[in-house]
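Here are the chains, one letter per residue:
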Amino acid sequence: MTEAILLVGGKGTRLRPLTVYTPKPMVPAAGVPFLTHQLARARAAGVEHIVLATSYLAEVFEPYFGDGSALGLHIEYVTEEEPLGTGGAIRNVAARLHSGPDDPVLIFNGDILTGLDIGALVDTHESTGADVSLHLTQVTDPRAYGLVPTDGTGRVLAFLEKPQTPEEIVTDQINAGAYVFRRSVIDTIPAGRPVSVERETFPGLLAAGAHLQGMVDSTYWLDLGTPAAFVRGSADLVLGRAPSPAVPGRCGDRLVLPTATVAPDAKLAGGTVVGEGAFVAQGARIFGSTILPGAVIEPGAVITDSLIGTRARVGERSVLTGTVIGDGAVVGADNELRDGARVWCDARIPAGAVRFSSDQ
């Protein structure tokens, strides 16, 4: 296997305001765009040619990654004029592939952080003679996911969308968002219209008697679709819990990019990232959070499990927990923001304007 398709066209609506100006795969995680980690892991698995299926803010990708040579890859870009869904996006880029009809093609989603053994998935695909092989992972509560039961040999039996009752939960195995397709199978996906690979392509192949193989790999896996998950994923990359050859520094409790400035008495821990050109003032305490490039954290601010956007500012003594601050936003001094708060890009919160506790 030397080719891959990477689906990076989603709007990332659950991540807003992070994705107002930046497509989800380009939001920095552990100091570099999240997509960099996926590209680096694909390259480490032997992939040489990757086609990016782009749509939302498509113009952002190529100026950053170019032809991919800096990562040892050949990258091409295909932009959808209208959103085509996962299956439609795969079909839309098929003409850029060079593989023969029986060759394996790796396909993965642009919002999954995983420790998947890509080589093992390809080996499973080839040893079983499958038409499509799927990475499956096991979760404690599968109600938010599509279930994929398999038989004793790993052959897929069905695709069950988001079960709600105990009777419907027949397995804890879910579709983890990485696949190996036989090249010829991609050409059977209808062209020129939206297609869901999860709801249409896979069930249709199964009904037609195709061989779909599941491989359970329950190493690290995280869907980065929400701000809380994205912050956690970035911290896990820094801490070394999630594997990536693209982390720009040694794994540890913190990652401070070269042009960032951190006061000597500021405390950073829990996988915190301080991006290029950011400034963390004296007495600030930051745990498990991401400070994007150019952001300013003023003296005495306390930030936990939060993401501070590019060029945003957090005022003196403000306390943020589980919060997302959009690009260019300003949180004045002595504010208190708790879990789930999202401050939109370029918004201004005056000093002492928001609190969850008394002002004593």
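These numbers were taken from a predicted model, which means no experiment stands behind them.

**Brief notes about the UniProt feature "domain: Mannose-1-phosphate guanyltransferase C-terminal" (unreviewed entry) in the chain**
Phase 1: The UniProt entry lists residues 252-332 under the feature "domain: Mannose-1-phosphate guanyltransferase C-terminal" (unreviewed entry), expressed in the numbering used here.
Phase 2: Here residues 252-332 runs as 0% helix and 42% strand, with 31 Å between its end C-alpha atoms.

**Structural notes on the pattern of salt bridges**
Phase 1: Here the structure, examined in full by the defined rule, presents 14 salt bridges.
Phase 2: One salt bridge in this structure joins R182 and D131, with 3.2 Å as the shortest N-O distance. One end of the pair, R182, is in strand β9 (residues 173-182); the other, D131, is in the loop between α4 (118-128) and β8 (132-138), with 51 residues separating them in the sequence.
Phase 3: Residue class for R182 comes out buried when judged on its relative accessible area of 18%.
Phase 4: A salt bridge links R313 to E298, with the shortest nitrogen-to-oxygen separation between them at 2.8 Å. Placement of the pair is R313 in strand β22 (residues 313-314) and E298 in the loop between β19 (296-297) and β20 (302-304), with a sequence separation of 15 residues.
Phase 5: Residue classification places R313 among the partly exposed positions, given a relative accessible area of 35%.
Phase 6: A relative accessible area of 19% places E298 in the buried class.
Phase 7: In this structure, a network of salt bridges that share partners links the residues D102, D131 and R182.

**Comments concerning the UniProt feature "domain: Nucleotidyl transferase" (unreviewed entry) in the chain**
Phase 1: Under the UniProt annotation, the feature "domain: Nucleotidyl transferase" (unreviewed entry) is placed at residues 4-236.
Phase 2: Here residues 4-236 runs as 26% helix and 23% strand, with 25 Å between its end C-alpha atoms.

**Topic: the sheet that holds strand β27 (residues 342-343)**
Phase 1: Pairing is parallel in the open sheet, where 6 strands are placed in the order β12-β15-β18-β21-β24-β27. Unpaired on one side and paired on the other, β12 (254-256) and β27 mark the two borders of the sheet.
Phase 2: The strands that helix α7 (residues 227-239) touches are β12, β15 (272-274), β18 (290-291), β21 (307-308), β24 (324-325) and β27; relative to β15, the one it contacts most, it runs at about 90 degrees.

**Let's talk about the sheet that holds strand β25 (residues 330-331)**
Phase 1: Taken together, the 6 strands give an open sheet; going across it, the order is β13-β16-β19-β22-β25-β28, and neighbouring strands pair in parallel fashion. At either margin of the open sheet sits one strand with a lone partner, and together these are β13 (261-262) and β28 (348-349).
Phase 2: Relative to β25, β22 runs parallel, the two sharing 2 bridges. In the strand pairing of β25, R313 is matched with V330.

**Side note on unusual backbone geometry**
Phase 1: Cis geometry marks the peptide bond from R16 to P17, where omega comes out at 15 degrees.
Phase 2: Here P17 lies in the loop between β1 (3-7) and β2 (28-29).
Phase 3: A positive phi angle, near 50 degrees, is found at D305, a position not held by glycine.
Phase 4: Its place among the elements puts D305 in the loop between β20 and β21.
Phase 5: Although it is not a glycine, R317 adopts a positive phi angle of roughly 65 degrees.
Phase 6: For R317, the position within the fold is in the loop between β22 and β23 (319-321).

**Comments concerning the packing of aromatic side chains**
Phase 1: Under the counting rule described, the total for this entry stands at 7 aromatic pairs.
Phase 2: With centroids separated by 4.8 Å and ring planes inclined at 70 degrees, the aromatic side chains of Y64 and F65 adopt a geometry described as edge-to-face.
Phase 3: A relative accessible area of 48% means that Y64 is categorised as partly exposed.
Phase 4: Judged by its relative accessible area of 9%, F65 is buried.
Phase 5: Where Y179 meets F181, the ring centres are 6.4 Å apart and the plane angle is 75 degrees; that geometry is what we call edge-to-face.
Phase 6: Exposure remark for Y179: the relative accessible area of 1% places this residue in the buried category.

Definitions and cut-offs
- Within each chain, residue numbers correspond to sequence positions counted from 1 in written order.
- Local features in this predicted model are restricted to residues of pLDDT 70 or higher, and side-chain atom pairs are both shown and tallied only at a pLDDT of 80 or more, whereas totals for entire chains, interfaces and linings draw on every residue.
- With hydrogens and water excluded, all non-hydrogen atoms of the structure serve as input to the side-chain values.
- UniProt positions are given in the numbering used here, feature names are shortened, and annotations may be inferred rather than shown by experiment.
- Helix and strand definitions here come from DSSP, where helices need a minimum of 4 consecutive H or I residues and strands a minimum of 2 consecutive E residues; each element is numbered from the N-terminal end.
- Put simply, a salt bridge is a Lys or Arg side-chain nitrogen that is within 4 Å of an Asp or Glu carboxyl oxygen.
- Buried means the residue's accessible area, taken with a 1.4 Å probe over protein chains only, is under 20% of the maximum for its type, while exposed means over 50%, and partly exposed covers the values in between.
- Two strands are counted as paired when DSSP detects at least two bridges linking them.
- Contacts were defined at the residue level, with two residues in contact if any of their heavy atoms lie within 4.5 Å.
- What counts as an axis is a line fitted to C-alpha atoms, over the stretch in contact for a helix, and the angles between N-to-C directions run from 0 to 180 degrees.
- Two rings from Phe, Tyr or Trp (for Trp, the six-membered ring) form a pair when their centres sit within 6.5 Å of each other. Planes less than 30 degrees apart are called stacked, planes more than 60 degrees apart edge-to-face, and all others tilted.

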